[in-house]
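Observations on the three-dimensional arrangement
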Amino acid sequence: LNYLWIFGHWGFPEMGVKGSAYAALTTNFLSLLVLSRLCFSRANNRKFNLLAGWKPDIPLFLRLLRFGLPNGLQFFISFMGISVFLLLVGRLGTMELAATNISFNINMLAFMPMMGLGMAVMTMVGQYQGKKRADLAEKSIYSCLHLTNIYMLTLALSYVLIPELFLWPFGVRADPAGFAQIQSLVIVLLRFVAVYSLFDGLNIVFSSGVKGAGDTRFVMVMIFGFSLLGLALPTYIAMVILKLGLMTAWTIITIYIIILSLAFYLRFQSGQWKRMLVIDRDKKASGHFEKS
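Just so it is clear, the structure is predicted and the values come from calculations on it, not from any experiment. Counting restarts for each chain, with residues numbered from 1 along the sequence as it is written. The predicted origin of the model limits local features to residues at a pLDDT of at least 70 and limits the giving and counting of side-chain atom pairs to 80 or more, whereas totals for whole chains, interfaces and linings rest on all residues. Water and hydrogen atoms play no part in the side-chain values, which are based on all heavy atoms of the structure.

1. Remarks on the side chain of glutamine 129
- For the purposes of this entry, the term helix denotes a DSSP run of H or I that reaches at least four residues, the term strand denotes a run of E that reaches at least two, and both are numbered from the N terminus. Tracing the backbone shows glutamine 129 in helix α5 (residues 94-130).
- Whether a residue is buried, partly exposed or exposed follows from its accessible area with a 1.4 Å probe, protein chains only, as a fraction of its type maximum: under 20%, in between, or over 50%, in that order. Here glutamine 129 falls in the buried class, since its relative accessible area comes to 4%.
- Polar side-chain contacts of glutamine 129 include one of 3.1 Å to the backbone oxygen of tryptophan 273.
- Any pair of N or O atoms that falls within 3.5 Å is considered a polar contact. Within protein, one atom must be able to donate a hydrogen and the other to accept it, and sequence-neighbouring residues count only if both atoms are side-chain atoms. Among the polar contacts listed, one links the side chain of glutamine 129 to the backbone oxygen of methionine 276, at a separation of 3.0 Å.
- The contact definition used throughout considers only heavy atoms, calling two residues in contact when any of these lie within 4.5 Å. Among residues more than four places away in sequence, those in contact with glutamine 129 are Ala134, Ala137, Ala213, Trp273, Lys274, Met276 and Leu277.

Structure follows, in C-alpha cells:
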C-alpha cells in the first residue's frame with residue numbers, strides 16, 4: 001500500500017507522505033480484522049472458551065498490569081531514547097539526519113526478526129516456568145541465542161562487505177549527485193550497525209528471557225536508566241555542548257547498546273528469574289511472584 005499510495009501506482013493517487021499515513025492506517029485496521037477472526041474462531045472458542053471470558057476478572061486484570069505495563073513502558077522509553085538521539089543528530093544537518101535514518105531503516109532487517117524470536121523465547125520461558133521447569137526455560141534462551149548469533153553475524157558481515165545492496169532501494173528515485181554523499185556516509189554508519197547488531201541480539205534474547213519469567217520491572221528500569229544516562233544525556237553533551245560530530249553520536253549509541261546487553265546478560269546469569277512465576281499455580285486467583 002505504501003508503494004501504491006505514496007507513488008501513485010495502479011490507479012491510486014500519488015500522495016507522498018500522506019499516502020504513507022493512509023497505508024499505515026488501512027493496514028492496521030485490516031490486521032485487526034484478520035487477527036480478530038483468527039482469535040475468535042469456532043475452534044479456538046471450543047478449545048479455550050474465549051467468548052465466555054468477557055466478564056471482568058479483577059485479580060487477573062491487576063496481574064496483567066503488574067507484568068504487562070512495565071513491558072509496554074519499556075518499548076515506549078526505548079523508542080523515546082532513539083527519537084531524542086535522532087533529534088540531536090538532526091542538529092548536525094540534513095545529510096547527517098538522512099544517513100542516520102537510512103541506517104536505522106536498514107538495521108530493521110536485523111532488529112524486527114530478532115524481536116519475533118524474542119517474543120517466541122518469552123512465551124516459551126513463561127510456559128516452562130509455569131511448569132516449574134527452569135532448566136527447559138534456560139535451554140530455550142540458549143537455543144534462541146544460537147539462532148540470533150547466526151542471523152546477526154550474517155547480516156553484520158553483509159553490512160560491511162556489500163552495503164550497496166541495502167542502499168539500492170533508497171537511491172531508486174533519489175537525485176544521484178545528492179544521494180552519493182549520503183551513500184558514502186551510510187556505508188560508514190553501517191559499520192557501527194554491524195558492531196552493535198551483534199550485541200543487540202544478546203540484548204533482545206536475554207531481556208526477553210527474563211521478561212518471560214516475569215522480570216519485566218527490572219528490564220523497564222534498565223531501559224529507562226540507560227536511555228536517559230547512557231544515550232540521551234551523553235548525546236546531548238556531545239552534540240549541543242561540545243559540538244562534536246556524527247561519528248561521536250554513533251559511538252555513543254553503539255556503547256549504549258553494548259552496555260545494555262551486558263546488563264541483561266548479567267541479570268540472566270544471576271538466576272533470579274528462575275525463582276519467579278507470573279502465575280502461582282498453587283493460588284488460583286492470586287498469581288503473584290514467588291518470594292525470591
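2. A look at the packing of α5 against helix α6 (residues 134-161)
- Working convention: axes come from line fits to C-alpha atoms, limited for helices to the stretch in contact. Angles between N-to-C directions cover 0 to 180 degrees. The geometry of α5 relative to α6 is characterised by a closest axis approach of 9 Å and an angle of 175° between their N-to-C directions. Regarding the angle of α5 to α6, the classification is roughly antiparallel. Residues Ile106, Asn107, Leu109, Ala110, Pro113, Met114, Leu117, Val121, Met124, Val125, Tyr128 and Gln129 of α5 form the contact with α6, whose participating residues are Ala134, Leu136, Ala137, Ser140, Ile141, Cys144, Leu147, Thr148, Tyr151, Met152, Leu155 and Tyr159.
- Note on residue classes: Ala, Val, Leu, Ile, Met, Phe, Trp, Tyr, Cys and Pro are nonpolar, Asp, Glu, Lys and Arg are charged, and everything else, Gly too, is polar. When the residues that make up the contact of α5 with α6 are grouped by side-chain class, the tally is 20 nonpolar, four polar and no charged. Relative orientations are named as follows: roughly parallel for angles under 35 degrees, roughly antiparallel for angles over 145 degrees, roughly perpendicular for angles from 65 to 115 degrees, and oblique for any other angle.

3. Some points on the pattern of salt bridges
- Salt-bridge detection follows one rule: a side-chain nitrogen of Lys or Arg within 4 Å of a carboxyl oxygen of Asp or Glu. Applying the stated criterion across every chain yields a total of three salt bridges.
- For arginine 133, the salt bridge identified is with aspartate 135, shortest N-O distance 2.8 Å.
- Taking relative accessible area as the criterion, arginine 133 reaches 36% and is therefore assigned partly exposed.
- Overall, the relative accessible area of 44% leaves aspartate 135 in the partly exposed class.
- Notably, a salt bridge pairs arginine 267 with aspartate 215, separated by 2.7 Å at the nearest N-O pair. With arginine 267 in helix α10 (residues 246-270) and aspartate 215 in the loop between α8 (176-212) and α9 (216-241), the pair connects residues that are 52 residues apart, well separated along the chain.
- Judged by its relative accessible area of 17%, arginine 267 falls in the buried class.
- Taking relative accessible area as the criterion, aspartate 215 reaches 4% and is therefore assigned buried.

4. Points about the nonpolar core
- Of all hydrophobic cores here, the largest spans 59 residues; its most connected members are Phe85, Ile106, Ile141, Tyr159, Val186, Trp250 and Trp273.
- If you list the elements that add at least two residues to this core, you get α4 (58-90), α5, α6, α7 (163-167), α8, α9 and α10.
- If you tally residues by element for this core, the top one is α8, at 15 residues.
- Leaving out residues up to four positions away in the same chain, valine 186 has contacts with Ala99, Ile102, Ser103, Ile106 and Leu167. Here, nonpolar core means buried Ala, Val, Leu, Ile, Met, Phe, Trp, Tyr and Cys residues that are tied together by side-chain atoms lying within 4.5 Å of each other.

5. Focus: the packing of aromatic side chains
- The pairing test for Phe, Tyr and Trp rings, Trp by its six-membered ring, is centres within 6.5 Å, and the orientation test on the planes gives stacked under 30 degrees, edge-to-face over 60, and tilted for anything in between. Evaluated as defined, the whole model comprises 14 aromatic pairs.
- Aromatic ring contacts, followed pair by pair, group Phe85, Phe104, Phe192, Tyr196 and Trp250 into a single cluster.

6. Digging into the confidence of the model for the chain
- The quantity known as pLDDT measures the predictor's confidence residue by residue, on a range of 0 to 100. Per-residue confidence for the chain averages 88 on the pLDDT scale, and 96% of its residues sit at or above 70.
- Element-level mean pLDDT values for the chain span from 86 in helix α3 (residues 42-48) up to 94 in α10.

7. Notes on the packing of α4 against α5
- Axis separation between α4 and α5 bottoms out at 10 Å; the angle between their running directions is 160°. With respect to α5, the element α4 is oriented roughly antiparallel. Our pair here, α4 against α5, has a crossing hand that is right-handed. Between α4 and α5, the residues in contact are Phe75, Ile82, Phe85, Leu86, Val89 and Gly90 and Glu96, Leu97, Thr100, Asn101, Phe104 and Met115, respectively.
- Here the contact of α4 with α5 is composed, by residue class, of eight nonpolar, three polar and one charged. By definition, any crossing whose near helix is turned counterclockwise from its far helix by less than a right angle is left-handed, and any crossing with a clockwise turn is right-handed.

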